[in-house]
Amino acid sequence: MMKDCLFCKIAKGDIPANIIHEDEQIVVFDDINPQAQHHKIIIPRKHISTLNDLHEEDKLLAGHMMLTASQLAKKLGIAEEGYRLVVNCNAGAGQTVFHIHFHLLGGRHFSWPPG
Ligand code: 5GP
Ligand code: ZN
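Residues numbered from 1 in each chain as written. Chains lettered and ligands numbered in written order. Predicted model: local features only at pLDDT ≥ 70, side-chain atom pairs only at ≥ 80, totals over all residues. Heavy atoms only, no water.

1. Topic: the sheet that holds strand 5 (residues 102-106)
Selection rule: Pairing between two strands requires that DSSP report at least two bridges joining them. We count a stretch as a helix when DSSP gives it H or I for four or more residues in a row; a strand needs E for two or more, and each element gets its number in order from the N terminus. Axis definition: a line fitted to C-alpha atoms, limited for helices to the stretch in contact. Angles are taken between N-to-C directions and run from 0 to 180 degrees.
If you trace the five strands from one edge of the open sheet to the other, you get 1-2-3-5-4, paired in antiparallel fashion. Strands at the two margins of the open sheet, each flanked by one partner only, are strand 1 (19-22) and strand 4 (83-86). The sheet shows a mean angle of 20° between the axes of neighbouring strands, direction not considered.

Right, here's the structure in full:
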């Protein structure tokens, strides 16, 4: 738990969010400013600032986050049509909340390359 970290506060329940899934390691909730019909944020309870700060010891956690994204996509009914899983790392890539997270986006067409 990092003081003054928005996503640590959401994980702890100190700031409300529409949580759609949680377990001992991770929390998944609706993005407050959705960029697609489905826009979920997948976070670890553990505070990790960016993808640059992911270490060997976080291997299982990172795998669990990705597997959960895959399972949720199926549950949301977007797995077949396609969806996007995004991690923005640092400001140059658009990261604004410095607690590592996956964006799970679905329900529309996504162009390539991303902006
Ligand atoms: P980033 O830009 O860091 O990759 O993604 C941060 C995401 O968190 C953004 O999509 C933003 O809309 C979302 N976000 C920021 N503040 C809040 C909040 O208080 N509640 C929720 N549910 N999402 C938030
Ligand atoms: Zn945090």
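There's plenty left to go through after this.
2. Let's talk about the nonpolar core
Inclusion rule: The nonpolar core is taken to be a set of buried Ala, Val, Leu, Ile, Met, Phe, Trp, Tyr and Cys residues, with the residues joined through side-chain atoms within 4.5 Å. Think of it in three bands: with a 1.4 Å probe and only protein chains considered, a residue is buried below 20% of the maximum accessible area for its type, exposed above 50%, and partly exposed in between.
Ranked by size, the top nonpolar core spans 13 residues in total, and within it Ile-26, Ile-42, Met-65 and Leu-104 carry the most contacts. Listing elements by their share of this core, those giving two or more residues are strand 2 (26-30), helix 2 (59-76) and strand 5. Here this core gets five residues from one element, more than from any other, and that element is helix 2. Core analysis: the next-biggest nonpolar cluster, separate from the first, contains ten residues, Phe-7, Ala-11, Val-27 and Ile-43 among them.

3. Remarks on the coordination of the zinc ion (ligand 2)
In an ideal tetrahedron of four donors about a metal, each angle is 109.5 degrees. In an ideal octahedron of six donors, the angles are 90 or 180 degrees. This is how it is decided: Think of the donor list as every N, O and S atom within 2.8 Å of the metal, or within 3.2 Å for Na, K and Ca; water never makes the list, so a site can look incomplete. Angle rules define the geometry names used: all angles between 85 and 135 degrees makes four donors tetrahedral, while opposite donors over 155 degrees apart and all other angles between 65 and 115 make four donors square planar and six octahedral, leaving every other case irregular.
At the metal site, the zinc ion (ligand 2) is ligated by Cys-5 (SG), Cys-8 (SG), His-47 (ND1) and His-99 (ND1), and these contacts range over 2.0 to 2.3 Å. Coordination at the zinc ion (ligand 2) comes from four donor atoms whose angles at the metal span 107 to 114°, giving a geometry best classed as tetrahedral. Cys-8 sits in the buried class, given a relative accessible area of 3%.

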